Amino acid sequence: MSKQATTEIGLLEPAILREALKQAVLKLNPKGLARNPVIFSTALVSMLATILTIREGIAGGATFAIGIQITLWLWFTVLFANFAEAVAEGRGKARADTFRATRSKGRAKVLLDAHDRQLWEFQEVELLEPGEVILIEAGELIPTDGEVIEGVASVNESAITGESAPVIREAGGDRSSVTGGTTIVSDWLVIRVTTRPGETFLDRMIAMVEGAKRQKTPNEIALDILLAALTLVFLLVVVTLPFFANWSGTTIPVIYLIALFVTLIPTTIGGLLSAIGIAGMDRLVKASVIAKSGRAVEAAGDIDVLLLDKTGTITFGNRMADAFEPVPGVHEITLAEAAYLASLADETPEGKSIVELAARKFGFTPGTTRDTATFVPFTAQTRMSGVDLADGSSIRKGASDTIIAMLGGKVDPALEGIVRRIASTGATPIVVARDGKALGVVHLKDVVKPAIRERFAELRRMGIRTVMITGDNPLTAAAIAAEAGVDDFLAEATPEKKLELIRKEQAEGKLVAMCGDGSNDAPALAQADVGVAMNSGTPAAKEAGNLIDLDSDPTKLIEIVLVGKQLLISRGALTTFSIANDVAKYFAILPALFIAAYPGLGALDVMGLASPQSAILSAIIFNALVIIALIPIALKGVAYRPASAASLLTRNLVIYGLGGLIVPFVGIKAIDLTVNALRLA
Amino acid sequence: MQADLLQAGLYALMLLALAVPLGWFMARVFTGEVRFLAPLEHVILGAAGDRREQGWKAYASSLLLFNAAGFSLLFGILLFQHRLPINPQGFDGLSWHLAINTAISFVTNTNWQSYGGETTLSHFSQMAGLTTQNFLSAASGMAVAVAVARGFAARQAKHLGNFWTDMTRATLYILLPGAITLAILFLALGMPQTLFASVDVTTLEGGKQTLSLGPVASQIAIKQLGTNGGGFFNVNSAHPFENPTAITNFLSMLAILAIPAAFTFTYGRMVNDPRQGRALFVAMGLLLVAAFAAMYAAERFGNPLHAAYADPAAGNMEGKEVRFGLVNSVLWAVTTTAASNGSVNAMHDSLTPLGGLIAMLNIQLGEIVYGGVGVGLTGMLLFVIITVFLAGLMVGRTPEYLGKKIEAREVKLAALTLLVMPIGVLVFGALAIATGTAQSSVQDAGPHGLSELIYAYSSATGNNGSAFAGFTANTAFHNTMLGLAMLLGRFGYIIPILAIAGSLAAKTPAAATAGTFPTHGPVFVTLLILTILIVGALTFLPVLALGPIAEHVSVLFGRTF
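A few points on the structure.

Parameters at a glance
Residues numbered from 1 in each chain as written. Chains lettered and ligands numbered in written order. Predicted model: local features only at pLDDT ≥ 70, side-chain atom pairs only at ≥ 80, totals over all residues. Heavy atoms only, no water. Helix = DSSP H or I, 4+ residues; strand = E, 2+ residues; numbered from the N terminus. Rg over C-alpha atoms; globule rule 2.2 N^0.38 Å. Buried < 20%, exposed > 50% of the residue type's maximum accessible area, 1.4 Å probe, protein only. Contact = heavy atoms within 4.5 Å. Areas by Shrake-Rupley, 256 points an atom, 1.4 Å probe, with all protein chains shown as cover. Lys, Arg positive; Asp, Glu negative; His and termini not counted. Charge placed at Lys NZ, Arg CZ, Asp CG, Glu CD. Arc of directions from axis to C-beta. Polar contact = N/O pair within 3.5 Å; in protein donor to acceptor, adjacent residues only side chain to side chain. Pairing = 2+ DSSP bridges. Axes fitted to C-alpha atoms, helices over the stretch in contact; angles between N-to-C directions. Core = buried A, V, L, I, M, F, W, Y, C linked by side-chain atoms within 4.5 Å. Phe/Tyr/Trp six-rings, centres within 6.5 Å; stacked < 30°, edge-to-face > 60°. Lys NZ or Arg CZ within 6 Å of the ring centre and 35° of its normal. Buried area = accessible area lost by both parts, 1.4 Å probe. Salt bridge = Lys/Arg side-chain N within 4 Å of Asp/Glu carboxyl O. 1 Å grid on protein atoms, 1.4 Å probe; cavity = no way out; pocket = protein on both sides within 12 Å on 5 of 7 lines; lining within 4 Å. Points joined across faces, edges and corners; volume = space filled by probe spheres on them. Nonpolar A, V, L, I, M, F, W, Y, C, P; charged D, E, K, R; others polar.

Looking at the overall build of chain A
Then comes step 1: When its secondary structure is counted, chain A shows 24 helices and 21 strands.
Then comes step 2: Computed over the C-alpha atoms, the radius of gyration of chain A is 34 Å, more than 25% above the 26 Å expected from 2.2 N^0.38 for a compact globule of 681 residues.
Then comes step 3: Each principal axis of the C-alpha atoms in chain A carries an extent, and together these give about 115 × 65 × 50 Å.
Then comes step 4: Counting the 681 residues in chain A, one finds 56% classified as buried.
Then comes step 5: Of the contacts made within chain A by residues no fewer than 6 positions apart, 70% connect residues no fewer than 24 positions apart.
Then comes step 6: Here chain A has roughly 26800 Å² of accessible surface; of this, 60% comes from carbon and sulfur atoms.
Then comes step 7: Here chain A carries 64 positive and 72 negative side-chain charges, and the mean point of each set is 6 Å from the other.

Okay, structure coming up:
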């Protein structure tokens, strides 16, 4: 199955950048700016600087030339912040456009009587109401989300999942829900509309990536508050400074004070904050996951316990032949051959796996057997399958009690030993008999997915405990749990037991994530802090979960956790970087402001900047450019490798904390050299 | 120099040796394990009435109510001391603004003194008024710390404890026994304790001199132990009756930091994770050592302009008691400013510019380097919350402290406290300059004058109480504004941290995993120190550049004002 290539959007796609430039200017609209206290403050003082500079120009004042440049860079700071947000939104829009292309316009066939497919009338799709019943036939687009009440059809969901193979949708059971924007490939479906067009998953997904309706996540709100407080602190610092300067016998031009203010307030993180948030959502959408709220994405980063269904997530879901175990006196190859022949026509995954194993081990080929032999299929009555060969010999395989009963109870005691041993490890023994004699046992095993063990080890390093959920008995569950390397398991799981487990973990202060698809999963999905519903699941499950995986891939949970963590790390790292930057800015601007009053304060100018004007200009230019320089990090997210909190902290602290201290010293000095080479100040 | 460092090292060791057991004892007192004075508690609390558990709002209201009552009482005593007994010198009542300022000062544990003690206050005012508040303001601070520790440790709880019980226990088990012991030691070491006003002596030159006396030892003991700092005499612990010997000097310095340092260990025990307390002790200790090293270096280096008059090898001895010498003056100056104590044994106004800068910065960081009794710990916890939030995001989880999620509400409250020092120091200071009241109150022109002003407002907002002596604070404007600054600096921290404790108490602590941000290791300690320095110091760097730093470079260039 192939993924569509359209999900890749280049980091610096020219079309997006062009649009972002335009948007950066449009975003100067005060209403939008007010959402971001730091950038809003910057815009306000830029306005003030503009007025002051114009007045200075009219009066022919001394600071006019430098004032113009400072004012321009102040506006650039605001524009760069807008640009960062616009680029993130642009990438989201580009993704949204591919979704929107599939959105259905046109008309839908509304059934007048839900039980009569013949009687329908056309209605505009936009006017569909939840509860109405519509008919969709092969080749038609499903106009909105709904639940199948009649019919079976294969549906192409590639528009939203990127998965090109069609899937089956049918009434009843766990495959009854359909998504707007998908296409029926064959047959027909009668669907009850569950969502008004415009509010479907597709629409939610579009809104989410476009960022317009994006809600701030809880941590983002808290960070916003802290940034606003820091802005206020620096406002007090700058507003009171003229009085202290006055005491010292000097006056500081207001334009310099404005420059000081803007360099001190956390414009870097302030400017990138919403871009980081949008990019995080975008990464989620790229992984084909819809978040019903931003809160859920952040909560994913906080998860302590991951409940994973065994089947499909940890194991392949089918039992596979693992070994041939003959009774004493029978050679392994004899048993293998019998099992091979008996399974040749067996189309079940188990049967196929027996054929595969035998062929791999002993190199059997079907030869002419297929044409000459008579295959006995599995039936509910016989509860065994097998083959009658042309030479008259007959082979049967089945559960041990069935075969033993067929043989009249006369079997080698060793066989019972083997059967018991295999069963005790949680595997399934299949007994093979030829011409009335039991040859041995095929060992069928739940096969754990490759590399899943490493994945769990990774999660453990991140402090996340994995719990396997399975309907198997405790013995079987324990064996698979040990093999897969999960930390714990819940055997013989029922929806009630699942719910109880989640409640117990939560009572201990843990955040729990799980995924599910069936209606009986709904209570647990709702109870979990992060509930990932499979898109293939029932509407009830989808309603209960706070994230929906369009690919219906249970291992997606792990990816969601990583996206959540990366989102938080990106914010924290850039905040640290932004605040650490202030040290160097002080060393650039303070000596420049005070050198007239106390020439000795020139000693604070550790960077040896050319002149006070050039120092201030360089600091403000650095402050603006660093936003642009960090856009890629904001969009891609800070590099994240699963590791313990302690080692992550040390690593990020060195890069973004120490880096934040050092980089601006180098940057400001470099800009100062350029400014002077160009004789700007 | 070696002897100097030996003394400082000895002090550090003694402090640690004292703080660990004291912290352990205090934890047992506040959790109610130590109860041998229970009958006495009952008698006292019987009067106070309600002993039920309180939520943060009720706890804070009780505290405010109690402090308001204390203020009214003290204000009355000071205003009408001429009508009250034990006034052998016959001092008049205080002016309204001085009475307000002094009452606020002692209720907020600041002990800023706009007046000269022995020439303004009657013995009654000193004992019944000031000494009482010395105990009660300290006990209030301790109660806050205890309530906060409970809130941080609690699990889905609504209550933080009972203010009246906590305050009574702080007084009965810790402050009173400590102060009595210390007062007896001081007495034995030659400190006066009498109700006689003064004694006339004949000096060596044959002249007559009147030496003021009074109930000194009892007040000095609690002034140090409760990080109060308000002296009996105007020159505070530089006065030979307030600090007669090298041993009283050493004991006083120990007493200044004993309870604040012990509180880190009390906290560790109360939150059931001693490592958390140790980490805070170490972070504070490192800041203290750094401050000492910087001030010591500055004072050793001395003032090059003095080279003509004094031996440069002696360092800067201006304004220092020769009895104590340089190192004991520096050590005292560092501890008293770090601990929001404010008593002095040397004139801070005469510290070298950079030495004075360290003293000022200690206060401006928010009095968290051990800090005031109780409130030093809670002030530090506010920085812990900000640090955890800033850096905690970097591990990819919603920031947690002690398993409790730090969310918008906590961040909002903690961020609010970031505004306290800038308002009290920068805004009020600028206001003083704008109104011209600063210019008329300072003794010196140029950057040193600015330092005097800034120090005064830092001291008031930080609830420290020490001063650059050149600043004349006893004017209606400064008494009022400094009074406001003291209130802001006290309750501007206490109320938000209690609110945070209330909100954290209600949360379920998450179990620690490998994904949890560790708040006890060296990385966190480093991070905490850096956050304090960057967030705290960046606020004041501009004004410090125009004050002490400008003065320092001017001295180097030989420029005077």
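Looking at the overall build of chain B
Then comes step 1: Secondary structure assignment for chain B yields 19 helices and 4 strands.
Then comes step 2: Taking 24 Å as the expected radius of gyration for a compact globule of 561 residues, we find that chain B reaches 23 Å, a close match to that expectation.
Then comes step 3: Dimensions of chain B, computed from the C-alpha atoms along their principal axes, are close to 75 × 60 × 50 Å.
Then comes step 4: Taken over 561 residues, chain B has a buried fraction of 65%.
Then comes step 5: Considering only residue pairs separated by 6 or more positions, chain B has 78% of its internal contacts joining residues 24 or more positions apart.
Then comes step 6: Counting only carbon and sulfur atoms, one obtains 68% of the accessible surface of chain B, whose full area is about 18400 Å².

Looking at helix α18 (residues 474-484) of chain A
Helical geometry note: an α-helix holds 3.6 residues per turn, so side chains three or four residues apart project in the same direction.
Residue and element names in this part refer to chain A.
Then comes step 1: Along α18, the positions that sit buried rather than exposed are Thr476, Ala477, Ile480, Ala481 and Ala484. Within α18, the buried residues cover an arc of 130° as seen down the axis, which keeps them to one side. Projecting away from the buried face of α18 at angles above 90 degrees are the exposed residues Leu475 and Ala482.
Then comes step 2: N-capping of α18 is provided by Asn473, with a side-chain oxygen placed 3.0 Å from the backbone N of Leu475.

A few points about the sheet that holds strand β10 (residues 305-309) of chain A
All names here are of chain A.
Then comes step 1: The mixed open sheet is built from 7 strands, whose spatial order is β9-β21-β20-β19-β10-β17-β18. In the strand order of this sheet, the two ends are held by β9 (289-291) and β18 (488-490), each with one partner. Within the sheet, the average angular offset between the axes of one strand and its neighbour, ignoring direction, is 20°.
Then comes step 2: Strand direction decides the pairing type here: strand β17 (residues 465-469) and β18, joined by 3 bridges, are parallel. Bridge pairing links Val467 to Asp488 in β18.

Some remarks on the nonpolar core
Then comes step 1: In terms of nonpolar packing, the biggest core is built from 306 residues, with Leu306 of chain A together with Phe30, Met142, Phe152, Tyr267 and Leu381 of chain B touching the most fellow members.
Then comes step 2: In this structure Phe30 of chain B touches Met142, Val146, Arg150, Asp166, Arg169, Ala170, Ile174, Phe263 and Met270 of chain B, once residues within four positions along its chain are discounted.
Then comes step 3: Counting residues in hydrophobic clusters, the runner-up holds 40 residues, among them Phe324, Phe364, Ile422 and Ile430 of chain A.

Section: the packing of aromatic side chains
Then comes step 1: Tallied over the entire structure, the rule returns 22 aromatic pairs over all chains.
Then comes step 2: An aromatic cluster is present here, built from Tyr59, Phe66, Phe163 and Trp164 of chain B joined pairwise through their rings.
Then comes step 3: A cation sits over an aromatic face here: Lys109 of chain A above Trp120 of chain A, 5.4 Å from the ring centre.
Then comes step 4: When the ring centre of Trp188 of chain A is taken as reference, the NZ or CZ atom of Arg117 of chain A above it lies at 3.7 Å.

Some details on the interface of chain A and chain B
Then comes step 1: The interface of chain A with chain B comprises 62 residues on the first partner and 64 residues on the second.
Then comes step 2: Of the roughly 5100 Å² buried at the junction of chain A and chain B (both faces included), carbon and sulfur atoms supply 79%.
Then comes step 3: The partner of Lys405 of chain B in a salt bridge is Asp302 of chain A, and the shortest N-O contact between them spans 4.0 Å.
Then comes step 4: Taken together, chain A and chain B are joined by 11 residue pairs in polar contact (both at pLDDT 80 or more).
Then comes step 5: Of all elements in the fold, only α7 (218-247), α10 (294-302), α17 (452-461), α22 (556-594) and α24 (645-677) of chain A reach the threshold of two or more residues within the side of chain A that touches chain B.
Then comes step 6: For the side of chain A that touches chain B, the element with the highest residue contribution is α7 of chain A, accounting for 19 residues.

Focus: empty space enclosed by the protein
Then comes step 1: Applying the stated criterion across every chain, the model contains 6 cavities of 30 Å³ or more.
Then comes step 2: Considering only enclosed or pocket space, the largest cavity measures out at about 200 Å³ in volume.
Then comes step 3: What lines the largest cavity is a set of 20 residues, among which Leu365, Phe383, Thr417, Leu418 and Tyr493 of chain B lie closest to the centre.
Then comes step 4: Elements with a contribution of two residues or more to the lining of the largest cavity: α7 of chain A together with α13 (375-392), α15 (420-434) and α19 (522-556) of chain B.
Then comes step 5: Looking at the lining of the largest cavity residue by residue, the classes come out as 14 nonpolar, 6 polar and no charged.
Then comes step 6: Each pocket or cavity is described by its volume, and for the second largest cavity that value is around 130 Å³.
Then comes step 7: Considering the residues around the second largest cavity, the lining is formed by 15 residues, among which Gly366, Val375, Asn463, Gly489 and Tyr493 of chain B are closest to the centre.
Then comes step 8: Put simply, the parts of the chain that give the lining of the second largest cavity at least two residues each are α13 and α18 (476-505) of chain B.
Then comes step 9: For the lining of the second largest cavity, the per-class residue count stands at 4 nonpolar, 9 polar and 2 charged.

Side note on unusual backbone geometry
Residues and elements named next belong to chain B.
Then comes step 1: Unusually for a residue other than glycine, Thr227 sits at a positive phi of about 40°.
Then comes step 2: Inspection of the secondary structure puts Thr227 in the loop between α8 (216-225) and α9 (246-270).
Then comes step 3: Residue Thr227 is classed as buried on the basis of its relative accessible area of 0%.
Then comes step 4: Residue Asn236 is not a glycine yet carries a positive backbone phi of 60°.
Then comes step 5: For Asn236, the location among the structural elements is in the loop between α8 and α9.
Then comes step 6: Overall, Asn236 belongs to the buried group, its relative accessible area being 3%.

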